[in-house]
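Working through the structure, step by step
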Amino acid sequence: MEIKQSKVAVVRCDSYEPDKVQDAIREAVLLLGGFDHIFEGETAIEAFGKNAEILLKPNMLYRAAPEKAITTHPEVFRAVGALLKEEGYNNLAYGDSPGSPVPGMVKTAETCGIKAAADELNIRPGEFEHGTEIAYPKGRAAKHFVLCNEVVKVTGADGKDSAGIIINLCKMKTHQLERITGAVKNTFGCICGINKTASHAKFQSPEHFARMLADLNCVVRPTLHIMDGIVAMEGNGPGSGDPRPMYAILASTDPVALDAVFCRLIYLDPQLVATNTACMEAGVGTWDEEHIEILLGGVPMQREGAVITEDELEIKYAAKDFNVQRGKDFRGELRMMRYFRSFIEKKPVIIASKCIGCGICEQTCPLEDKAITILQSGEARIAAYDYSKCIKCYCCQEMCPKQAITIKKSLLSKVIDRRWKV
Ligand code: SF4
Ligand code: SF4
C-alpha cells in the first residue's frame, strides 16, 4: 500500500489566555495551508461552499471543570470557532456523546465551559442524543455503528449527501486501555450513548478495540484534527490522571500522524499504541516517522518545507518523564510471559478514602453481570470489584468523577516494565 506523506504542525502555546491560544491555532492552521486549502476537495464544501456545516467535536468525557485537563479546554474550542468565523464559515455546530448519557450533552458542555464559548459565538449544539445504525460491511472488526444523528448528517454515513465536515478537537491524555487517547480515540464520542459501553464489552482487548476504532475512523473521517496539548493529562488518564503542561497545539489532517507525534513528544514508541498500528493497516494514516513532516511553529524555528531535526522538537516540546505506560507488550522476546498473564496483568482498585458510593462505575461497567457493585459498609457506600468477572476495560476508572479508581500493577509486572522499557 502506498503511504502518503503527512504533515503535523506543532506550535508552542504557554497558557490558555484567549489571544495566545487563538494565535497558536491560527499559526498551526496556516502551517497546514489555511482552512480553505485544508477543506479543498471535501464534497460538502464544494456543494455548499462556506455555508457547509462544520461540526466541532471536542472531548467532553464527562462533567469536569476545564482545569482538570479531562476535556478539551473551552479556549481551544473558542479559538477554532472564532477563526472559522473570521474566514466566513458561519454554519457551525458542536457536539460529543459523553461517557455517560446522563445528564446529556448540553449539560456536560455547560460544566466543561464549552457551552458558554459556543453560545458566545452562536455555535449551535448538534443532535447527539439520538443515533442511527449505519452498516459498514467493509469493517475489519465492526460491521455497523450507531452514530449520533448530527455525525450522520454531516458525514453522509447513511448514504445521503454529506452536509458538511468534522473538525476533531481532541485532548492530549493518557489512557489505561490504549496507552494514549488523542485524535483517533476522540472519534469514539461519535458513537451514540450506551452503544459505546456495548463496544467495550464486544471489543475487549486493546488490539480488538483499536481495530474497531480504525473502522470508525474510516466511516467518520474528520477533515482536520487539532489537539489541545497546552495542559495535557499524564498518569491515571483519561479521567483520573494529573494535569501536565506540555505547552503545545498540534494540528494535522492525519489523525495517526498527529498521535504519533504526540507519542514522540512523550518518548513512547508509536508502534506500542494499538490505535496507531490498526489505523495504519486500515489506511487511515501513518505513524511512521519517515512519512511525517513536522512543521514547527515560532518564526525563528520555521524553515518552510524542511523536516525538523529531533533536537529542535526535543528542546522545545518533549518530556522524557511524562507518566505513560511504556512497557512492551508480550510479543517477540516477551512472548513466553503471556503464560503468566494472570500474575502480570494490572487491575483497577478502589481508593476507599475517595469513593462516595455514587454508583457511576457500576452503571458504566459494560458487563450484564457487573464486575463492580456498590456495597453498604455501615453508613457508607463503597464500590467493590469481582475480579473473576472483570475484563479490564477500565470504563469504571475512566468515568469515576472522584478519581477513586487507580490501576495497580503486580510486583512482577513492575519489574518487567522496568527491564523492558522502550
Ligand atoms: S469508585 Fe468512583 S464512580 Fe464508583 S462509586 Fe466510588 S466514587 Fe462513584
Ligand atoms: S469492573 Fe471496570 S474494568 Fe472491570 S469490566 Fe467493569 S468497567 Fe471494565
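A brief look at the structure comes next. Small disclaimer: the values here were computed from a predicted structure and weren't measured.

So, how was this worked out
- Residues numbered from 1 in each chain as written.
- Chains lettered and ligands numbered in written order.
- Predicted model: local features only at pLDDT ≥ 70, side-chain atom pairs only at ≥ 80, totals over all residues.
- Heavy atoms only, no water.
- Helix = DSSP H or I, 4+ residues; strand = E, 2+ residues; numbered from the N terminus.
- Contact = heavy atoms within 4.5 Å.
- Near = heavy atom within 4 Å.
- Nonpolar A, V, L, I, M, F, W, Y, C, P; charged D, E, K, R; others polar.
- 1 Å grid on protein atoms, 1.4 Å probe; cavity = no way out; pocket = protein on both sides within 12 Å on 5 of 7 lines; lining within 4 Å.
- Points joined across faces, edges and corners; volume = space filled by probe spheres on them.
- Domains from an automatic or database assignment.
- Buried < 20%, exposed > 50% of the residue type's maximum accessible area, 1.4 Å probe, protein only.
- Pairing = 2+ DSSP bridges.

**Observations concerning the side chain of S15**
- Mapping S15 onto the fold places it in the loop between β1 (6-12) and α1 (18-31).
- Excluding anything up to four places from it in sequence, S15 contacts K20, V21 and I230.

**Some points on the site of ligand 1**
- Around ligand 1, a shell composed of 14 residues is seen, among which C355, C358, G359, C361 and C400 lie nearest.
- Taken together, the residues that form the shell around ligand 1 break down as twelve nonpolar, two polar and no charged.

**A word on empty space enclosed by the protein**
- Under the defined criterion, the tally for this structure stands at three cavities of 30 Å³ or more.
- Empty space within the largest cavity amounts to approximately 280 Å³.
- Along the wall of the largest cavity there are 23 residues; nearest its centre are L61, G99, K185, F188 and E398.
- Secondary-structure elements contributing two or more residues to the lining of the largest cavity are β7 (164-175), α8 (183-186), α9 (195-202) and α16 (395-399).
- The class makeup of the residues in the lining of the largest cavity is seven nonpolar, ten polar and six charged.
- Three or more residues apiece are contributed to the lining of the largest cavity by two domains, here domain 1 (6-317) and domain 2 (332-419).

**A closer look at unusual backbone geometry**
- In the segment running from G237 into P238, the intervening peptide bond is cis, with an omega of 10°.
- Turning to its location among the elements, P238 is positioned in the loop between β9 (224-234) and β10 (242-252).
- In this model, R179 sits at a positive phi of 70°, which is unusual for a non-glycine residue.
- Checked against the element boundaries, R179 lands in strand β8 (residues 179-181).
- Take R179: its relative accessible area is 7%, and that puts it in the buried class.
- A positive phi angle, close to 60°, is found at K392, a residue other than glycine.
- Position of K392 among the secondary structure elements: in the loop between β14 (380-385) and α16.
- Given a relative accessible area of 17%, K392 falls into the buried group.

**As for the pairing of β14**
- Bridging between strand β13 (residues 372-377) and β14 involves six bridges; their strand directions are antiparallel. Residue I374 lies in a different strand from β14, and its bridge partner there is A383.
- With antiparallel pairing between neighbouring strands as the criterion, β13 and β14 make up a hairpin whose turn holds two residues, including G378 at a positive phi of roughly 65°.

These values are about where atoms sit, not about what they do.
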